[in-house]
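Structural overview for review
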Amino acid sequence: MTSQRPYRIDNLQYAKWSEKIFRQMREGNVDAVHVTIAYHENFRETVLNMEQWNRWFEQFPDLIFQGLTGADVRLARETNRTAIFFGYQNPSPIEDDIGLVEIHHKLGARFMQLTYNNQSLLATGCYEDDDTGVTRMGREVIAEMNRVGLVVDMSHSADRSTFEAMGISNRPIAITHANPSSWHPALRNKSDDLLKALGQSGGMLGFSVYPHHLDQKSDCTLDNFCGMIARTADLMGIDNIGIGTDLCQDQPDSIVEWMRTGRWTKNIDYGEGSASDAGFPPMPSWFKDNRDFGNIEEGLKAVGLTDEDVGKVMGENWLRFYDENFGPA
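An account of the accompanying structure is given in this report. (Residues numbered from 1 in each chain as written. Predicted model: local features only at pLDDT ≥ 70, side-chain atom pairs only at ≥ 80, totals over all residues. Heavy atoms only, no water.)

**Quick notes on the pairing of strand E5 (residues 109-113)**
- The element E5 is extensively covered by neighbouring structure, given that five of its five residues are classed as buried.
- Across three bridges, strand E4 (residues 82-88) lies against E5 in parallel orientation. Paired with Phe 86 across the two strands is Ala 109, which belongs to E5.
- With three bridges connecting them, E5 and strand E6 (residues 151-153) associate as parallel partners. Across the sheet, residue Phe 111 finds its bridge partner in E6, namely Val 151.
- Following the backbone out of E5, through helix H5 (residues 136-148) and into the adjacent parallel E6, one traces a crossover that is right-handed. (Buried < 20%, exposed > 50% of the residue type's maximum accessible area, 1.4 Å probe, protein only. Helix = DSSP H or I, 4+ residues; strand = E, 2+ residues; numbered from the N terminus. Pairing = 2+ DSSP bridges. Right-handed = clockwise from strand over helix to strand, strands pointing away.)

Shown next, in the form of structure tokens:
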């Protein structure tokens, strides 16, 4: 660990981006953020989202820039900026064309989920009744993702598909934003058996602060959350865990509807919510925005993690993972 403050990397956000949020990232000393570029967008729509990011990079060069490698996280820290890494929560941007995997990597994508809740062309999502595992195309796409350095993300995938992806991939996979289901039994959270296997395979888990993934939801305490992290470190190994808050700051409720329904249904899908709790839930009091990462840091120390281990969880594990997995095999 460096003698400076720990790196701070948030490996999943989907905020309503603005200068305010970019400045809050700097106030919170956030060195890097993996941002969702696509949920259900096709190739062209995803490129349009990238164009918007290019305009923000041009408007706010003193605050943010596009990250492509682990070296960019170090550069961000040296220059007091935040490196922005692109990722997809669905394979929809590659449509049905494996050749687009390399194109997206060249455009800056570094993570891609094989599913978003539903069955995809590649694997089974966590909301399906029947998990048939990774598909024929999924096997080919995983191999291509491994080749170019696009990380396989199984955050919204079902268990069999996730175990199979771990076995098929010749590079470590990630679950960028989830928690143990033994702590809170959300459909999106992951079993202890799966998390143990993920750690043994060299993969990474990013802990989510999204209330539907938390014990007691919005009322989850910092001590409860950090205690869960400490127990998961014992299960997976301290080198295989980090933060992936799933922060959706300032987004209107219409966005959570887009996440859940996309274009695949004419009906309302409430996901982990319900008809009486359909929108974004309020965040816990100790994590409202990017200025609150210090609260997690202090909470981890309070539950007994050493300064070195706190540094690993807050960003150094993700930085090592970036170094090893964002380039060609």
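**Comments concerning the pattern of salt bridges**
- A full pass over the atoms with the stated rule returns 13 salt bridges.
- One salt bridge in this structure joins Arg 44 and Glu 51, with 3.6 Å as the shortest N-O distance.
- Its relative accessible area of 47% is what places Arg 44 among the partly exposed residues.
- Residue classification places Glu 51 among the partly exposed residues on the basis of a relative accessible area of 32%.
- Arg 160 serves as the salt-bridge partner of Glu 164, at 2.7 Å between the closest nitrogen and oxygen. With Glu 164 and Arg 160 both in helix H6 (residues 159-168) and four residues apart, this pair spans about one turn of that helix.
- One salt-bridge network, in which partners are shared between bridges, spans Glu 102, Lys 106, Glu 144 and Arg 147. (Salt bridge = Lys/Arg side-chain N within 4 Å of Asp/Glu carboxyl O.)

**Focus on the packing of H6 against helix H7 (residues 192-200)**
- Contact pair H6 / H7: the axes reach a minimum separation of 11 Å and the direction vectors enclose 15°. On the basis of their axis angle, the class for H6 and H7 is roughly parallel. Taken as a pair, H6 and H7 cross one another with a handedness that is left-handed. Contacts from Asp 159, Thr 162, Phe 163 and Met 166 of H6 reach H7 at Asp 193, Leu 194, Ala 197 and Leu 198.
- Of the residues in the contact of H6 with H7, the class split is five nonpolar, one polar and two charged. (Axes fitted to C-alpha atoms, helices over the stretch in contact; angles between N-to-C directions. Parallel < 35°, antiparallel > 145°, perpendicular 65-115°, else oblique. Left-handed = near helix turned anticlockwise from the far one by under 90°. Contact = heavy atoms within 4.5 Å. Nonpolar A, V, L, I, M, F, W, Y, C, P; charged D, E, K, R; others polar.)

**Quick word on the environment of His 177**
- With respect to the secondary-structure elements, His 177 resides in strand E7 (residues 174-178).
- On the basis of relative accessible area, His 177 is assigned to the buried category, the value being 0%.
- The spacing of His 177 and Asp 215 is 38 residues in sequence and 15 Å in space, taken between C-alpha atoms.

**Comments concerning unusual backbone geometry**
- A positive phi angle is found at Glu 95, which is not glycine, with a value near 50°.
- Assignment of secondary structure puts Glu 95 in the loop between E4 and helix H4 (99-107).
- A positive phi angle, near 50°, is found at Lys 217, a position not held by glycine.
- With respect to the helices and strands, Lys 217 occurs in the loop between strand E8 (204-207) and helix H8 (222-236).

**Topic: the side chain of Arg 8**
- Within the secondary structure layout, Arg 8 lies in the segment before strand E1 (9-13).
- Judged by its relative accessible area of 12%, Arg 8 is buried.
- The residues contacting Arg 8, other than those within four sequence positions of it, are Gly 28, Asn 29, Val 30, Asp 31, Ala 32, Phe 293, Gly 294, Glu 297 and Met 314.

**A few points about helix H2 (residues 43-59)**
- With 17 residues, H2 should cover 24 Å at 1.5 Å per step; its first-to-last C-alpha distance of 25 Å lies within 8% of that length.
- Taken residue by residue, H2 has Thr 46, Val 47, Met 50, Trp 53, Trp 56 and Phe 57 as its buried positions. Taken down its axis, H2 places every buried residue within 160° of arc, on the same side. With respect to the buried face of H2, the exposed residues turned more than 90 degrees away are Glu 58 and Gln 59.
- Along its buried surface, H2 packs onto helix H1 (19-27), strand E2 (32-38), strand E3 (64-66), E4 and H4.
- Sitting at the head of H2, Asn 42 places a side-chain oxygen 3.2 Å from the backbone nitrogen of Arg 44. (Expected span 1.5 Å × (residues − 1). Arc of directions from axis to C-beta. Polar contact = N/O pair within 3.5 Å; in protein donor to acceptor, adjacent residues only side chain to side chain.)

**What about H5?**
- For H5, with 13 residues, the first-to-last C-alpha span of 19 Å sits near the 18 Å given by 1.5 Å per residue.
- Here the buried face of H5 lies against H4, E5, E6 and H6.
- Of the residues flanking the end of H5, it is Gly 149, one or two places downstream, whose phi is positive at about 100°.

**Some words on the nonpolar core**
- Core analysis: the biggest nonpolar cluster contains 71 residues, and Trp 53 and Phe 225 have the highest contact counts within it.
- Per-element tally for this core: the top contributor is H8, with seven residues.
- Ignoring sequence-local partners within four residues, the contact set of Trp 53 consists of Trp 17, Phe 22, Val 35, Ile 37, Ile 64, Ile 84 and Phe 86.
- Core analysis: the second largest hydrophobic core is formed by 17 residues, Tyr 7, Trp 318, Tyr 322 and Phe 326 among them. (Core = buried A, V, L, I, M, F, W, Y, C linked by side-chain atoms within 4.5 Å.)

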